[in-house]
Amino acid sequence: MTEKVNSGARQTSSGAPMVKAEGVHKSFGLVEVLKGIDLEVRTGEVFCLIGPSGSGKSTFLRCINHLEKINAGRLYVDGELVGYRQKGDKLYELKDSEVSLKRRDIGMVFQRFNLFPHMTALENVIEAPIQVKGINRAQARERAHQLLERVGLADKAGSYPSQLSGGQQQRVAIARALAMDPKLMLFDEPTSALDPELVGDVLDVMRDLAESGMTMIVVTHEMGFAREVGDSLVFMDGGVVVESGNPRDVLTNPQHQRTQSFLSKVL
Amino acid sequence: MTVDIDKTAPEDTPPAGPEAIKAIPVRHYGRYISAVIALGLLASIIYAFAQGKINWSAVPDYFFDERILKGVGQTLLLTVLSMVIGIVGGIILAVMRLSKNPVTSSIAWFYIWFFRGTPVLVQLVVWFNLGLVFEYINLGPIYKDYWSDFMTPLLTALLGLGLNEAAYMAEICRAGLLSVDEGQTEAANALGMSHGKTLRRIVIPQAMRVIVPPTGNEVINMLKTTSLVSVVQYTELFRYAQDIGQTSGAPVEMYFLAAAWYLIMTSILSVGQYYIERYYARGSSRSLPPTPFQKIRANVFSLSTRKKATA
């Protein structure tokens, strides 16, 4: 499982991009975190974002499902503006309920898992399908059992998050996101809070997900994962995209001096 | 706080490892002396009370008096209703204070400032005498009456206690809501849950762990504070005890009787609080502390197995 099989054969449709950013700016107070991001994520591809901490990669990820509001530029998911509706040349802010509706289709996995601690693994997974989509309980449970089995935790359905290891918690979090049948998955440093020996299990689940054709945007420090599974890679620093391209090319032969110095430290 | 229930290893089997140390323990003479002094003081207090000119036999005579039982019922009723007003009001005020709307958060701030800053006894008397300000209560076609007829003692007591309590509950609820990690709201939002659902399904159940213990305190406090409402002519346990005391010629004895009843009620409430806390602790610690019944059962069980082993 070191080399990815048929990376070229995966469906990366040439149609509309899943995510498109045009000059995205984001400031927190006086600090400008994103200084004009332009990029495109095609449907079905695994898109890796790397860069030093504070480079704005997580912030950009959070803008995609509108957990953060962008200050300038345009951001599209599946051809639709994120957080706004355009009528003529005017932008209208979306209502909270409309934003929620769009978030259903975007799964997110957090660095610190953020499982609901008062619910068992199974209850974590069925919560959103029942509460948000109105799926009946029996159906949701059946699907949740399938998902937990897929992430290798079929026997942990009744465990509370506090009874699971970090790697197990993160896999439950992935199952929870998948339960909403998203068309796009966002991973915000999914393995950064894990013990080194637990990282592999989570990456295996993500690799499996990539092979099933899920569109994934992954903020990560796992260069090995980016090289094996990634279809595109972007190196960000200081709120701008420094270099982008095929992960194998960028990681083995970085063109930009900033990329070279970063990679020499992490590889 | 994890309590180890797994104490199945019987103490009488010696450990297989190295020989256990058998040493003469240090004698803590200071502890013996302080224990003797404390017991002596306790005994002298008990003796003083037993010697005093208190007719103790009057207490059991009236303990289950019809009026006393009625008073207990009134006290409980008042406690429950005031706490309901307090909790509902407190949640509303806490959400108002945390809202981004500056008007609602200022109003909530002002409310808490006022009701927490004045004594509840004063508030009760003010409610009672508000008829001086409003002669009528006029809700258009729905209701119209004289203020003094509208403001029954029960309503005055409920408003006085409940609105005061809401100010305290608001701060307790606010602390609880703030104690829940922001990542929880984010995760719920990212799953497409609305604000209301996130609050109801995710935030409040976790906030309850922080909210329940001080709320239990508040209930116990409320139960005792109800004894103040005799100033607005509402009759509850304390007032009945006083009345009986005046007619039966045993006034002080009736105070002791009332104190005993308050103690019984607060003790029962404490037990209830324990179980509610246990319910909301699920998932937060790896194993829940056992209930007293489980402890007893575990002990009986281990005792019977030990007996079998020796037999």
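The notes below deal with the structure included here. Quantities reported herein were computed from a predicted structural model and do not represent experimental measurements.

Cut-off values and rules
- Residues numbered from 1 in each chain as written.
- Chains lettered and ligands numbered in written order.
- Predicted model: local features only at pLDDT ≥ 70, side-chain atom pairs only at ≥ 80, totals over all residues.
- Heavy atoms only, no water.
- Helix = DSSP H or I, 4+ residues; strand = E, 2+ residues; numbered from the N terminus.
- Contact = heavy atoms within 4.5 Å.
- Areas by Shrake-Rupley, 256 points an atom, 1.4 Å probe, with all protein chains shown as cover.
- Pairing = 2+ DSSP bridges.
- Axes fitted to C-alpha atoms, helices over the stretch in contact; angles between N-to-C directions.
- Phe/Tyr/Trp six-rings, centres within 6.5 Å; stacked < 30°, edge-to-face > 60°.
- Buried < 20%, exposed > 50% of the residue type's maximum accessible area, 1.4 Å probe, protein only.
- Patch = residues over 30% accessible without salt bridge, like charges linked within 9 Å, V, L, I, M, F, W, Y side chains within 5 Å.
- Salt bridge = Lys/Arg side-chain N within 4 Å of Asp/Glu carboxyl O.
- Buried area = accessible area lost by both parts, 1.4 Å probe.
- Polar contact = N/O pair within 3.5 Å; in protein donor to acceptor, adjacent residues only side chain to side chain.
- Nonpolar A, V, L, I, M, F, W, Y, C, P; charged D, E, K, R; others polar.
- Parallel < 35°, antiparallel > 145°, perpendicular 65-115°, else oblique.
- Left-handed = near helix turned anticlockwise from the far one by under 90°.

Along the backbone of chain B there are 12 helices and two strands. Reading chain B from its N terminus to its C terminus gives the helix and strand order α-α-α-α-α-β-β-α-α-α-α-α-α-α. Partitioning the contacts of chain B with sequence separation of at least 6, the portion at a separation of at least 24 is 73%. With an accessible surface of roughly 19,600 Å², chain B has 66% of that area assigned to carbon and sulfur atoms.

With that out of the way, let us pick up the sheet that holds strand β9 (residues 184-188) of chain A. Residues and elements named next belong to chain A. What the six strands build is an open sheet, ordered β8-β9-β10-β3-β11-β12; its pairing is mixed. Strand pairing shows two members of the sheet lacking a second neighbour, β8 (106-109) and β12 (240-245), which therefore form its edges. For this sheet, the mean angle separating the axes of adjacent strands, direction not counted, is 15 degrees. In this structure, β9 lies alongside strand β10 (residues 215-219), joined through five bridges in parallel fashion. The residue of β10 that forms the bridge with Met185 is Met216. Docked against the sheet, helix α9 (residues 257-266) engages β3 (46-50), β11 (232-237) and β12, running at close to 95 degrees with respect to β11.

Attention now moves to the packing of aromatic side chains. Counted according to the given criterion, the structure contains 14 aromatic pairs over all chains. Between the aromatic rings of A:Phe235 and A:Phe262, the centroid separation amounts to 5.1 Å while the plane-to-plane angle is 40 degrees, which identifies the pairing as tilted. In this pair, A:Phe235 sits in strand β11 while A:Phe262 sits in helix α9, placing the two residues 27 residues apart along the sequence. Across this residue pair, the class does not change: A:Phe235 and A:Phe262 are buried. Aromatic pair B:Phe110 and B:Trp113: ring centres 5.4 Å apart, planes at 40 degrees, arrangement tilted.

All right, on to a nonpolar patch on the surface then. Residues and elements named next belong to chain B. A cluster of nonpolar side chains, contributed by Leu77, Val80, Leu81, Val84, Val88 and Ile92, occupies part of the molecular surface with about 480 Å² of accessible area. With respect to the secondary-structure elements, Val84 resides in helix α3 (residues 66-98). Given a relative accessible area of 45%, Val84 falls into the partly exposed group.

Moving on, we come to the pairing of β9(A). Residues and elements named next belong to chain A. Most of β9 sits inside the fold, with five of its five residues counted as buried. Judged by which residues are buried, β9 turns out to be covered on both faces: Leu184, Leu186 and Asp188 on one side and Met185 and Phe187 on the other are all buried. Of the pairings in the sheet, the one linking β8 to β9 comprises four bridges and is parallel in character. Residue pairing across strands places Ile106 opposite Leu184, the latter belonging to β9.

Further remarks concern the sheet that holds strand β5 (residues 80-81) of chain A. Residues and elements named next belong to chain A. Overall, antiparallel pairing links the four strands, which are arranged β2-β1-β4-β5 in an open sheet. The sheet is open, and its two edges are formed by β2 (31-41) and β5, each paired on a single side. Two elements, strand β1 (residues 19-28) and β2, share eight bridges in a ladder whose sense is antiparallel. By the bridge assignment, Lys20 is partnered in β2 with Glu40. Seen against the sheet, helix α1 (residues 57-64) touches β1, β2 and β4 (72-77) and runs at an angle of roughly 65 degrees to β2.

Moving on to the interface of chain B and chain A. Counting from both sides, the interface comprises 22 residues of chain B and, opposite them, 26 residues of chain A. Note on chain B versus chain A: buried area summed over both sides is about 2,100 Å², and carbon and sulfur give 54% of it. Scanning the region where chain B abuts chain A turns up two salt bridges. One salt bridge in this structure joins B:Arg201 and A:Glu127, with 2.7 Å as the shortest N-O distance. The tally of links from chain B across to chain A stands at seven residue pairs in polar contact (both at pLDDT 80 or more). Breaking the side of chain B that touches chain A down by element, the ones donating at least two residues are α8 (182-190) and α9 (195-225) of chain B. Among the elements that line the side of chain B that touches chain A, the one with the most residues is α8(B), at seven residues. Residue composition of the side of chain B that touches chain A, grouped by class: seven nonpolar, nine polar and six charged.

A word on the packing of α3(B) against helix α4 (residues 102-117) of chain B. All names here are of chain B. Axis separation between α3 and α4 bottoms out at 7 Å; the angle between their running directions is 130 degrees. As judged from the angle between their axes, α3 and α4 are oblique. Crossing geometry of α3 relative to α4 is assigned as left-handed. Contacts between α3 and α4 pair Leu93, Met96 and Arg97 from the former with Thr104, Ser105, Ile107, Ala108, Trp109, Tyr111 and Ile112 from the latter. Broken down by class, the residue content of the contact of α3 with α4 amounts to seven nonpolar, two polar and one charged.

Right, let's talk about unusual backbone geometry for a bit. As a rule of thumb, non-glycine residues mostly have phi less than zero, and peptide bonds are mostly trans rather than cis. All names here are of chain A. Look at Glu189: it is not a glycine, yet its phi comes out positive at around 45 degrees. Looking at where Glu189 falls in the secondary structure, it is placed in the loop between β9 and α6 (196-211). Looking at Glu189, the relative accessible area reads 11%, which means it is buried.

What follows concerns the pattern of salt bridges. Scanning the model with the defined rule gives 22 salt bridges over all chains in all. Linking A:Lys183 and A:Asp105 is a salt bridge whose minimum nitrogen-to-oxygen distance equals 3.8 Å. Taken together, the residues span a long stretch of sequence, with A:Lys183 in the loop between α5 (166-178) and β9 and A:Asp105 in the loop between α2 (96-103) and β8 at a distance of 78 residues. Accessibility expressed as a relative area gives 29% for A:Asp105, which makes it partly exposed. Salt-bridge contacts for B:Arg67 lead to B:Asp65; the nearest nitrogen and oxygen are separated by 3.3 Å. By relative accessible area, B:Arg67 is classed as partly exposed at 35%. Because the salt bridges share partners, they merge into one network encompassing B:Arg97, B:Arg116, B:Glu171 and B:Arg174.

Residues and elements named next belong to chain A. Looking at the element boundaries, Glu80 is found in strand β5. Between the alpha carbons of Glu80 and Glu142 there is a distance of 32 Å; along the sequence they are 62 residues apart. Other than its neighbours up to four places away in sequence, Glu80 contacts Leu75 and Lys102. Among the polar contacts made by the side chain of Glu80, one reaches the side chain of Lys102 at a distance of 3.1 Å.

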